[in-house]
Amino acid sequence: MSLYLPVHPVPKTILFLARSLDRGGAERQLVVLAKGLVRRGHSVAVALSYGGGVYEAELLTAGVRVINLEKKGRWDLLPFLRRLVLLVRQERPNVLHSYLGLPNILAAALKPLVPSMRIVWSVRASNVDLSRYDWLARVAYALECRLARFADLIIANSRAGKNYAAANGFPEDKVMVIPNGIDTKYFRFDPVGRRFVRSVWGLDKDVTLVGLVARFDPIKDHPNFLQAASSIARRRHDVYFVCVGDGPAAYAEALKQQAETLGLNGRLIWAGARDDMPAVYSALDVACSSSIGEGFSNTIAEAMACGVPCVVTDVGDSAFIVGEAASVVAPADCSVFAGAIERLTDLSHEERQTLGATSRTRVVSEFGIDRLIQRTEKALDLV
């Protein structure tokens with residue numbers, strides 16, 4: 001029996017605003033939160049700039065309305081804005097809850113249309129190196145910082161994200177930290193899935209598999225993972241590696257060329273994006289996060305929930321998430337990263353299982369979905 005959510009608050013009409021529902025940690029959390037709020041009796045709809053994302057069907061099945069604003073591209077502005085304005089005037093939500101940069105900017109601009117509407121922003125990252133992104137991303141973030149004072153509440157999913165936002169001009173008194181929620185009934189060890197995924201990847205059941213689950217994005221620092229993998233592969237012939245995720249074609253090709261140069265052909269699997277994530281995590285013996293910037297890493301918490309020990313870089317709230325059940329190393333240091341991975345691969349299967357069980361216990365107790373919903377409901381009652 002759940003220890004949380006003992007009291008039902010007054011139901012609200014909540015409109016989420018997001019770019020899309022393609023694969024991603026923020027998108028996954030939006031879906032989890034929207035479904036949880038519907039179960040709690042709130043009226044919830046999700047408005048998207050771009051429809052057709054992989055998570056839409058899940059929301060519709062749960063009774064959440066999904067509204068496609070049919071944006072045609074980056075420069076499709078006036079028709080898109082007209083549709084968005086009409087939607088907000090029609091829905092007149094109690095809360096407009098935006099997810100990430102541009103939706104946050106749009107939410108602040110929409111406030112005068114319905115003065116009683118509360119604007120809630122979502123902040124999902126910390127320590128972002130904007131020099132790695134295009135000029136539009138830099139301009140958008142500068143504008144977001146200027147408009148932050150117009151939000152009624154800003155929810156960061158990590159303490160590091162709150163600190164980063166405050167350092168860049170967000171009003172600190174409006175920023176509240178609510179960690180992500182993990183569905184620990186769904187994310188759990190799957191022995192059948194482990195065997196199936198390994199067979200798909202052509203791996204023997206006894207090899208040690210180290211994985212990085214992350215979109216292809218500079219902030220995830222795949223090159224660091226590849227360099228560490230190459231170092232380990234030269235010493236250990238029984239250890240294999242996998243990258244799960246996708247991203248821009250040019251960047252993906254550059255990473256694959258780097259892997260080839262490092263001699264990882266035959267030892268590294270490019271698995272692409274997958275939807276059977278509990279089976280994917282269960283196929284791993286060690287899960288990694290090589291990021292140079294994070295907020296709350298969903299992939300690490302999900303891997304932990306599946307009983308997989310982790311090696312993470314000390315960015316965002318990663319060290320807080322793993323607690324004492326994992327290895328934490330400095331970012332962008334492939335030799336230290338490789339050493340931490342190798343220490344886990346040197347353990348026996350039983351020793352890794354013990355670490356994995358400790359990891360799952362932490363996620364169940366600290367980052368379950370009920371906690372996310374309870375904390376969000378309380379936060380929305382404050383605005």
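Please refer to the structure placed before this passage.
Residues numbered from 1 in each chain as written. Predicted model: local features only at pLDDT ≥ 70, side-chain atom pairs only at ≥ 80, totals over all residues. Heavy atoms only, no water.

A. Structural detail: empty space enclosed by the protein. Per the counting criterion, the structure on display carries two cavities of 30 Å³ or more. Volume-wise, the largest cavity comes out at about 90 Å³. Surrounding the largest cavity, 13 residues form its lining, Leu33, Tyr99, Arg124, Ile155 and Leu372 being those nearest its centre. When grouped by side-chain class, the residues that make up the lining of the largest cavity number six nonpolar, six polar and one charged. Roughly 40 Å³ of internal volume is contained in the second largest cavity. Around the second largest cavity, the lining residues are Gly211, Val213, Tyr281, Leu284, Ala287, Cys288, Thr299, Ile300 and Ala303. Secondary structure elements with two or more residues in the lining of the second largest cavity: β8 (208–213), β11 (286–289) and α11 (298–305). (1 Å grid on protein atoms, 1.4 Å probe; cavity = no way out; pocket = protein on both sides within 12 Å on 5 of 7 lines; lining within 4 Å. Points joined across faces, edges and corners; volume = space filled by probe spheres on them. Nonpolar A, V, L, I, M, F, W, Y, C, P; charged D, E, K, R; others polar. Helix = DSSP H or I, 4+ residues; strand = E, 2+ residues; numbered from the N terminus.)

B. Fine view of the pairing of strand β3 (residues 65–68). With four bridges connecting them, strand β2 (residues 43–48) and β3 associate as parallel partners. Paired with Leu48 across the two strands is Asn68, which belongs to β3. Following the backbone out of β2, through helix α2 (residues 56–61) and into the adjacent parallel β3, one traces a crossover that is right-handed. (Pairing = 2+ DSSP bridges. Right-handed = clockwise from strand over helix to strand, strands pointing away.)

C. Fine view of the sheet that holds strand β12 (residues 310–313). Pairing in this open sheet of six strands is parallel, and the strands run β10-β9-β8-β11-β12-β13 from one edge to the other. Bordering the open sheet on either side are β10 (268–272) and β13 (327–329), each of which pairs with just one other strand. In this sheet, neighbouring strand axes are inclined to one another by 20° on average, regardless of whether the strands run parallel or antiparallel. With three bridges joining them, β8 and β11 adopt parallel strand pairing. From the neighbouring strand, Gly211 faces β11, where its bridge partner is Ala287. (Axes fitted to C-alpha atoms, helices over the stretch in contact; angles between N-to-C directions.)

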